[in-house]
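So you can see what is in the structure, the chains are spelled out below.
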Amino acid sequence: MKTSSFAGLFIWVAFVVTKLITTPIDTLQYVMILLMFAYLVLVPLTLNLVPQKKNVFYHYATRLQLVSAVLAGISFFLEQGMLAVLLAVPWLLTTILIALYGFTRLLQTWKKSTIFDVLIQLGLMYISIGGLWLILHRSGVQILHFSDVIVLLTSIHFHYAAFITPITMAFIGKRLLAKAPNLKSWFKLIAILVLFGPPFIAAGITLSDSLPVLEFISVVEFVTPLIVFSILCLVYLVPTLEYSVQMLLSISFASLLFSMSSAMIYGFAHINETVILGIPLMVFFHGFVNTFGFSLFGLLGVTAMQETKQIKKTSLSM
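Being a predicted model, the structure only gives us computed values, none of them experimental.

Asks: Looking at this model, I keep getting lost on the nonpolar core. Mind explaining?
Replies: The nonpolar side chains of a soluble globular protein tend to be buried, and buried together. Core analysis: the largest hydrophobic core is formed by 88 residues, its most contacted members being Tyr-39, Phe-76, Leu-124, Phe-163, Ile-172, Phe-187 and Phe-229. Looking at which element gives the most residues to this core, the answer is helix H2 (residues 27-49), with 18 residues. Setting aside chain neighbours within four positions, we find Leu-124 in contact with Leu-47, Val-50, Ile-98, Ala-99, Tyr-101, Gly-102, Arg-105, Phe-163 and Ile-167.

Take a look at the structure:
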C-alpha cells in the first residue's frame, strides 16, 4: 500500500494541475482536491497500518483502491449525473470492502477486543459512509437543506475524522499508554468520545438550521478529546520517541490543535449567527491544516514509529 500511496501522490499532483488549468477554483473544487488526496495518498497509508493480507475484503479493497480513486477523480471533471455516479461507484465499492474488512475483524476478535482494536474496527467501517455521500454528491440529488459543498464535506468528514483519525489514534494511544499507563482511563474516555463524534457531528449539521446549538455541542464533543489527546501525547509520548518520529508527530499534533480550535470557533460563531470563519475560509484553513498537517504527518509518524519498533524487535531476536 505504500507503493500505491507514492503512485497516488503523483496522480494527485496531476489532478490538481489539471483542475487549475481547466476549472476555476472555488470552495467546492478545493474540497474535491482535499478529498482526492485522501483517496490517493492517505487511505492507502492508513490501510498499510492494518494489513491482513489473507482477508478477502482487505485483498480486494487494496487491489481496487488506486483504480477506483482515479475513476472518482475523473468524475470530478464531469457534471453531476448518471455518468459521474457510475465513475464514483467503484470508490463506494472500495469503501464497502474496507468496511466489511473492519466488520470481519470485529467478528474475529470481539470477545477480546481492546479499545485500540475498537478504534481500528469502527474507523474501517465508518469510511463506507463517506463513499455513500460521494455518490449522493455526484448524483446531484438535493439532500435536505444541504448545499453541494456541505454534501461533499460530509463525505470528506467520514474519510478524515471518522477513518484516518481513530486508526492513527489507536497506534499512537498504544505507545502513549506504554509510556504512561496511568492515563489508561483517560484514553478510554477520549477514544469513546472520538468514536461517537463523527455521527454526532453529522446529526448536528443535519439539524443545524432548526437547532444550531446541537451542532456546536457535537463539535465540542469531538474536538475537546482530540485537543486533550494531542496535549497528553506532546507531554508524555513525543519526547520519548526517535528524533524523526518526534518531528513528524509534533507537526501533526500542533496542526491538530490549530485545526480543532478553528472548528470550535466556527461552531461557536454559528450559534450566534455571526461569521468569524465562513465555510470558504474554514475549508481552506481547517481543511488544509487537517489534511497536510495532522493527517499526512500523523500517518507518516505512525508508519515510521511502527517500522522503528519492528526493526528493534528484529535486532533483539537476532
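Asks: Honestly, the packing of aromatic side chains in this entry has me stumped. Any pointers?
Replies: Ring pairs (aromatic) are described by centroid distance and by the angle formed between their planes. A complete count under the given rule lists 12 aromatic pairs for this structure. One aromatic cluster is present, built from ring pairs that chain together Trp-12, Phe-37, Phe-288 and Phe-292. Directly above the ring of Phe-77 sits Lys-19, whose terminal nitrogen or CZ lies 4.6 Å from the centroid.

Asks: Just checking my understanding: could you explain helix H5 (residues 115-139) for this structure?
Replies: One full turn of an α-helix is made of 3.6 residues, so residues set three or four places apart face in the same direction. The terminal C-alpha atoms of H5 lie 37 Å apart, and with 25 residues this matches the ideal 36 Å at 1.5 Å per residue to within 8%. Of all 25 residues making up H5, 18 are buried, and the element is well covered by its neighbours. Looking one or two places after H5, you find Gly-140, whose phi comes out positive at around 80°.

Asks: It is not clear to me how helix H7 (residues 184-206) should be interpreted in this structure. Could you clarify?
Replies: Between the first and last C-alpha of H7 there are 34 Å, a value that for 23 residues agrees with the 33 Å anticipated at 1.5 Å per step. Approximately 40° is the largest bend angle found in H7, and it occurs at Gly-197, with the proline Pro-198 only one to four residues beyond. For H7, the set of buried residues is Phe-187, Ile-190, Ala-191, Val-194, Leu-195, Gly-197, Pro-198, Ile-201 and Gly-204.

Asks: Before we go on, may I ask you to explain a nonpolar patch on the surface in this structure?
Replies: Side chains of Ile-74, Leu-78, Met-82, Leu-83 and Leu-86 sit close together on the surface and give an oily, nonpolar patch of about 490 Å² of accessible area. For the nonpolar patch, the element with the most residues is helix H4 (residues 82-109), which contributes three residues. Within the element layout of this structure, Leu-86 appears in helix H4. Among the residues examined, Leu-86 registers a relative accessible area of 51% and is labelled exposed.

Asks: I would appreciate a short explanation of the environment of Ile-201 in the present structure.
Replies: Relative to the helices and strands, Ile-201 is located in helix H7. Considered as a pair, Ile-201 and Phe-216 are 15 residues apart in the sequence and their alpha carbons are 8.6 Å apart. Setting aside residues no more than four positions away along its own chain, Ile-201 makes contact with His-157, Ser-218, Val-219 and Phe-222.

Asks: Help me understand the side chain of Ser-5, please; the structure alone is not making it clear to me.
Replies: Position of Ser-5 relative to the elements: it lies in helix H1 (residues 2-22). A relative accessible area of 5% means that Ser-5 is categorised as buried. Residue contacts for Ser-5: discarding those within four places in its chain leaves Leu-40, Val-41, Pro-44 and Leu-45.

What counts and how
- Along each chain, residues carry numbers from 1 onward, in the same order as the chain's sequence is written.
- Only residues with pLDDT of at least 70 are given local features in this predicted model, and only at 80 or more are side-chain atom pairs given and counted; all residues enter the totals for whole chains, interfaces and linings.
- Side-chain measures were taken over the full set of non-hydrogen atoms in the model, leaving aside hydrogen atoms and water.
- We call a set of buried Ala, Val, Leu, Ile, Met, Phe, Trp, Tyr and Cys residues a nonpolar core when their side-chain atoms join them within 4.5 Å.
- With a 1.4 Å probe rolled over the protein chains alone, any residue whose accessible area is under 20% of its type maximum counts as buried; one over 50% counts as exposed, and the rest are partly exposed.
- Secondary structure follows DSSP: runs of H or I at least 4 residues long count as helices, runs of E at least 2 residues long count as strands, and numbering of each begins at the N terminus.
- Contacts are assigned to residue pairs with any non-hydrogen atoms lying within 4.5 Å of each other.
- In summary, the pairing rule links any two rings of Phe, Tyr or Trp, Trp by its six-membered ring, whose centres are within 6.5 Å, and it sorts them by plane angle into stacked for under 30 degrees, edge-to-face for over 60 and tilted for everything else.
- Sitting over a ring, as applied to charges here, requires NZ of Lys or CZ of Arg to be within 6 Å of the ring centre and within 35 degrees of the ring normal.
- Expected span, for any helix, means 1.5 Å times one less than how many residues it has.
- Two axes define the bend at a residue: one fitted to the seven residues ending there, one fitted to the seven starting there, and the bend is the angle between them.
- Residues form patches when they are more than 30% accessible in relative terms and have no salt bridge. Like charges link within 9 Å. Nonpolar side chains (Val, Leu, Ile, Met, Phe, Trp, Tyr) link within 5 Å.
- The Shrake-Rupley method, run with a 1.4 Å probe, gives the accessible areas here. Residue values count only the displayed protein chains as cover.
- What makes a salt bridge here is a side-chain nitrogen of Lys or Arg within 4 Å of a carboxyl oxygen of Asp or Glu, nothing more.

Keep in mind that these numbers describe shape and distance, not what the molecule does.
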